[in-house]
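These are the residues of each chain, in order.
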There are 2 protein chains.
Amino acid sequence: MNNFLLPLRILFSADKEFILSLRNLLGFIPNNISLYNLAFSHKSSAEEHVTGIKLSNERLEYLGDAILGAVVADFLFKKFPFKEEGFLTEMRSRIVNREHLNKVAMKIGVDHFMANSSSVKTRSVYGNAFEALIGAIYIDKGYHITQRFIIRRIIQHHVDMDELESLDVNFKSKLINWAQRERKAVTFELIEEIDNGGKRLLKVCVKVDGEEQGQGEDFSKKRAEQIAAEKACIRQGII
Amino acid sequence: MNNFLLPLRILFSADKEFILSLRNLLGFIPNNISLYNLAFSHKSSAEEHVTGIKLSNERLEYLGDAILGAVVADFLFKKFPFKEEGFLTEMRSRIVNREHLNKVAMKIGVDHFMANSSSVKTRSVYGNAFEALIGAIYIDKGYHITQRFIIRRIIQHHVDMDELESLDVNFKSKLINWAQRERKAVTFELIEEIDNGGKRLLKVCVKVDGEEQGQGEDFSKKRAEQIAAEKACIRQGII
């Protein structure tokens, strides 16, 4: 679609550049531009609304996180018809985990959309904004367009499923093997249990020679330790 | 709809009774009956498929869990347009937590659908089968019919939103317990008393290690402290 075919409301809009960039990213012309503006607004730069709540992207992030989870769950369910639930859950968490979402967000240029924002920029700000963007698309266009965006524009272009599948998951044993070679002591410690509506969310940390190297949280202790161990492996340059 | 209007394929089906019960529960006639049979099959009674995997409802449960999460997230996002992310997350977890889902599953009669199954019956078997049912509806009929089922047949009939909202969550004790584990000091301070036509409006703040984490105001000191504590809990990621 070239500019000639743009609706008049956009051609003469003050947000024309923003809308055109969004169209390139999304593959469609958004309806409610303010939703997308909100998606790229981090709470550190949020203004207070008359109702007293700060207009940041946190509500959209909450929504987008859930929608992304559903779409990815469905995608994997159909892609791997003979795989069991444990495999699907593991693959899903490799796709939607914070670190991976931060990477995807950078690949699709979420940082450029936030360049003018005065907010504090850590990598997770972009991953969160990416989830908020999913929430914005869902509110603006509904489930099916959001699903198509996630599958065609994100998973098929920016997620290497084969690599994710073949990832050697066992970061804990990688870390322990490395530590034995290096004659270092590895310990895992439970640092918090959060009662999350009946389920206990466990937060663990891993220490190498008494020094904390990473934290992980999950409802499963094993999984929380894996997350912490993965961070320690990255930090120690083991993977 | 009476029997006279049933499609012939159902009238002469061996599963007629099952399909009629499902229709009463779902509000529509399912297409792929085997999906619903699978949803009510616990792994303890699962048969092995030629591919080597056991045909139980675990894959459908994995899917249904994600779809339910998305629908409930969307429902709350729209029902509470001025509530912050922390509140929405908390409400969602009160709806989709294991214990609450087990209750809902019993209310809608999931146990009756599993009565002939030889599986071991704990309460969570029913909650899991309920999630699997959501997965089955999603595969059979798509997102919108599933969304309508969850909102109209589950939330509006079997979920007491007011009760869930007013559930006494003692944020003050949550905060204090957390602080003890983390070895931090929590203090509540009265920062202002406003004479409001005879009644005294109290404004308090809560500090963690001397740093303010939230304020609350109410005519009751206890209530004002709860409001402040809730904010601190959200800020610290405790809830």
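For the structure itself, consult the block above.
**Q** Which parts of the structure should I look at to understand the overall build of chain A?
**A** In terms of regular secondary structure, chain A is built from 12 helices and 5 strands. Looking at chain A as a whole, 46% of its 239 residues qualify as buried. Of all intrachain contacts in chain A linking residues separated by at least 6 positions in sequence, the fraction that spans at least 24 positions is 47%. Carbon and sulfur atoms provide 49% of the accessible area of chain A, an area that totals close to 12,200 Å².

**Q** Honestly, the packing of aromatic side chains in this entry has me stumped. Any pointers?
**A** The relation between two aromatic rings is expressed through the spacing of the ring centres and the mutual angle of the planes. Applying the stated criterion across every chain yields a total of 11 aromatic pairs over all chains. Judged by centre distance (6.3 Å) and plane angle (85 degrees), the ring pair of A:Phe18 and A:Phe40 falls under edge-to-face. Placement of A:Phe18 in helix α2 (residues 16–26) and of A:Phe40 in the loop between α3 (33–39) and β1 (47–48) is noted, with a sequence separation of 22 residues between them. You can call A:Phe40 buried: its relative accessible area is 4%. Here A:Tyr143 and B:Tyr143 contribute two aromatic rings whose centre-to-centre distance is 3.7 Å and whose plane-to-plane angle is 0 degrees, an arrangement assigned as stacked. Here A:Tyr143, found in helix α9 (residues 143–158), pairs with B:Tyr143, found in helix α9 (residues 143–158), and the two come from separate chains. Here a set of aromatic residues connected by ring pairs shows up, and it is made of A:Tyr138, A:Tyr143, B:Tyr138 and B:Tyr143.

**Q** Just checking my understanding: could you explain the nonpolar core for this structure?
**A** Generally speaking, soluble globular proteins have nonpolar side chains that are buried together. With 117 residues, the main nonpolar core has A:Tyr36, A:Leu76, A:Phe130, B:Tyr36, B:Leu76 and B:Phe130 as its most contacted residues. Those residues in contact with B:Leu76 that sit more than four places away from it in its chain are A:Tyr62, B:Leu88, B:Met91, B:Arg92, B:Ile95 and B:Met161.

**Q** Would you mind going over helix α5 (residues 85–96) of chain A with me for this structure?
**A** Residues spaced three or four apart along an α-helix face the same direction, because each turn holds 3.6 residues. The end-to-end C-alpha distance of α5(A), which contains 12 residues, comes to 16 Å, matching closely the 16 Å that a straight helix rising 1.5 Å per residue would cover. All of the buried residues in α5(A) are A:Leu88, A:Glu90, A:Met91, A:Arg92, A:Arg94 and A:Ile95. As for α5(A), its buried residues are in contact with α4 (58–79), α6 (98–107), α10 (161–166) and α12 (221–235) of chain A together with α4 (58–79) of chain B.

**Q** Honestly, the packing of α4(B) against helix α5 (residues 85–96) of chain B in this entry has me stumped. Any pointers?
**A** Each pair of packed helices can be summarised by the angle the axes make with each other and by the distance between the axes. Residue and element names in this part refer to chain B. Running from N to C, α4 and α5 point in directions that differ by 135 degrees, and their axes come no closer than 10 Å. On the basis of the axis angle, α4 is oblique to α5. As α4 packs across α5, the resulting crossing turns out to be right-handed. Mapping the contact onto sequence places Leu 68, Gly 69, Ala 70, Val 72, Ala 73, Leu 76 and Phe 77 in α4 and Leu 88, Met 91, Arg 92, Ile 95 and Val 96 in α5. Broken down by class, the residue content of the contact of α4 with α5 amounts to 10 nonpolar, 1 polar and 1 charged.

**Q** Please clarify how the interface of chain B and chain A should be interpreted in this entry.
**A** The figure often quoted for interface size is the accessible area lost as the parts come together. The partner chain A presents 40 residues to the 42 residues of chain B that form the contact. Both sides together, the interface formed by chain B and chain A hides about 3,300 Å², and carbon and sulfur atoms give 60% of it. On the chain B side of the interface with chain A, the three residues burying the most area are B:Arg59, B:Tyr62 and B:Phe77, jointly 25% of the side's total. If you look at where chain B meets chain A, you find 0 salt bridges.

**Q** Is there a simple way to explain α6(A) in this structure?
**A** All names here are of chain A. Taken as a whole, α6 has its buried residues at His 100, Leu 101, Asn 102, Val 104 and Ala 105. The secondary structure elements touched by the buried residues of α6 are α4, α5, α7 (110–113), α8 (123–141), α9 and α10. Residue Asn 97 occupies the N-cap position of α6, its side-chain oxygen lying 2.9 Å from the main-chain nitrogen of Glu 99. Positive backbone phi, at 85 degrees, marks Gly 109, one or two positions downstream of α6.

**Q** Mind showing me how you'd approach the packing of α6(A) against α8(A) here?
**A** All names here are of chain A. Viewed as axis vectors pointing N to C, α6 and α8 meet at an angle of 80 degrees, and their least axial separation amounts to 8 Å. Looking at the two axes, α6 sits roughly perpendicular to α8. Only Arg 123, Ser 124, Tyr 126, Gly 127, Asn 128, Phe 130 and Glu 131 of α8 make contact with α6, whose side of the interface consists of Arg 98, Glu 99, Leu 101, Asn 102, Lys 103, Val 104, Ala 105 and Met 106. A class-by-class count of the residues in the contact of α6 with α8 yields 6 nonpolar, 4 polar and 5 charged.

Conventions used here
Residues numbered from 1 in each chain as written. Chains lettered and ligands numbered in written order. Predicted model: local features only at pLDDT ≥ 70, side-chain atom pairs only at ≥ 80, totals over all residues. Heavy atoms only, no water. Helix = DSSP H or I, 4+ residues; strand = E, 2+ residues; numbered from the N terminus. Buried < 20%, exposed > 50% of the residue type's maximum accessible area, 1.4 Å probe, protein only. Contact = heavy atoms within 4.5 Å. Areas by Shrake-Rupley, 256 points an atom, 1.4 Å probe, with all protein chains shown as cover. Phe/Tyr/Trp six-rings, centres within 6.5 Å; stacked < 30°, edge-to-face > 60°. Core = buried A, V, L, I, M, F, W, Y, C linked by side-chain atoms within 4.5 Å. Expected span 1.5 Å × (residues − 1). Axes fitted to C-alpha atoms, helices over the stretch in contact; angles between N-to-C directions. Parallel < 35°, antiparallel > 145°, perpendicular 65-115°, else oblique. Left-handed = near helix turned anticlockwise from the far one by under 90°. Nonpolar A, V, L, I, M, F, W, Y, C, P; charged D, E, K, R; others polar. Buried area = accessible area lost by both parts, 1.4 Å probe. Salt bridge = Lys/Arg side-chain N within 4 Å of Asp/Glu carboxyl O. Polar contact = N/O pair within 3.5 Å; in protein donor to acceptor, adjacent residues only side chain to side chain.

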